[in-house]
Amino acid sequence: MSEEPTSEQAPSPEPEKPRRGRPPKKKVAEKKVEAIPPCPPTNRYFGSKTPEVVAWYRVFKPEEAAKKYENRTINEVRVAEIVAQYEANR
């Protein structure tokens, strides 16, 4: 009789040795990212407070817009028009 392992007798696995160096990188699920258009240019006089820039922030970065334009007086009618245009083009 030979000492070959059968389907009933599996060879004993050797314990894995610890690996040196960095641990392997974990695979991260890919997120679908919407293509955000570039921010409209700012104005020398108004800076980032132009209605176009404010509307862009409100549509694409609402958290930053809430912080940035919290207590500002801005032409809300024009901003609402531009926001509606952005929403229609999405």
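Please refer to the structure placed before this passage.
The structure presented is a predicted model; accordingly, all values stated were derived computationally and were not measured.

Draft legend 1. Expanded view of the packing of helix H1 (residues 51–60) against helix H3 (residues 76–89). Contact geometry for H1 and H3: axes closest at 8 Å, N-to-C directions at 50°. In terms of orientation, H1 and H3 fall into the oblique class. Here the hand of the crossing between H1 and H3 comes out right-handed. When H1 is examined against H3, the residues Pro51, Glu52, Val54, Ala55, Trp56, Arg58, Val59 and Phe60 are found in contact with a partner set consisting of Glu76, Arg78, Val79, Ile82, Val83, Tyr86 and Glu87.

Draft legend 2. Up close: the nonpolar core. Counting residues in each nonpolar core, the largest one holds 13 residues, and the members touching the most others are Tyr57, Tyr69 and Tyr86. For this core, the elements supplying multiple residues, two or more each, are H1 and H3. Counting residues per element, this core draws most heavily on H1, which supplies seven residues.

Draft legend 3. Broad picture of H3. With 14 residues, H3 should cover 20 Å at 1.5 Å per step; its first-to-last C-alpha distance of 20 Å lies within 8% of that length. For H3, the set of buried residues is Val79, Ile82 and Tyr86. Angularly, the buried residues of H3 cover 70° about the axis, an arc narrow enough to put them on a single face. Those residues of H3 that are exposed and angled more than 90 degrees off the buried face are Val77 and Ala88.

Draft legend 4. View of the packing of aromatic side chains. In the structure shown here, the tally under the stated rule is five aromatic pairs. Between the aromatic rings of tryptophan 56 and tyrosine 57, the centroid separation amounts to 5.2 Å while the plane-to-plane angle is 90°, which identifies the pairing as edge-to-face. No difference in accessibility class separates tryptophan 56 from tyrosine 57, as the two residues are buried. Judged by centre distance (5.3 Å) and plane angle (80°), the ring pair of phenylalanine 60 and tyrosine 86 falls under edge-to-face. Of the two residues, phenylalanine 60 is situated in helix H1 and tyrosine 86 in helix H3; the sequence distance between them amounts to 26 residues. Given a relative accessible area of 14%, phenylalanine 60 falls into the buried group. Pairwise contacts between aromatic rings join Trp56, Tyr57, Phe60, Tyr69 and Tyr86 into one cluster.

Parameters and conventions
- Residues numbered from 1 in each chain as written.
- Predicted model: local features only at pLDDT ≥ 70, side-chain atom pairs only at ≥ 80, totals over all residues.
- Heavy atoms only, no water.
- Axes fitted to C-alpha atoms, helices over the stretch in contact; angles between N-to-C directions.
- Helix = DSSP H or I, 4+ residues; strand = E, 2+ residues; numbered from the N terminus.
- Parallel < 35°, antiparallel > 145°, perpendicular 65-115°, else oblique.
- Left-handed = near helix turned anticlockwise from the far one by under 90°.
- Contact = heavy atoms within 4.5 Å.
- Core = buried A, V, L, I, M, F, W, Y, C linked by side-chain atoms within 4.5 Å.
- Buried < 20%, exposed > 50% of the residue type's maximum accessible area, 1.4 Å probe, protein only.
- Expected span 1.5 Å × (residues − 1).
- Arc of directions from axis to C-beta.
- Phe/Tyr/Trp six-rings, centres within 6.5 Å; stacked < 30°, edge-to-face > 60°.

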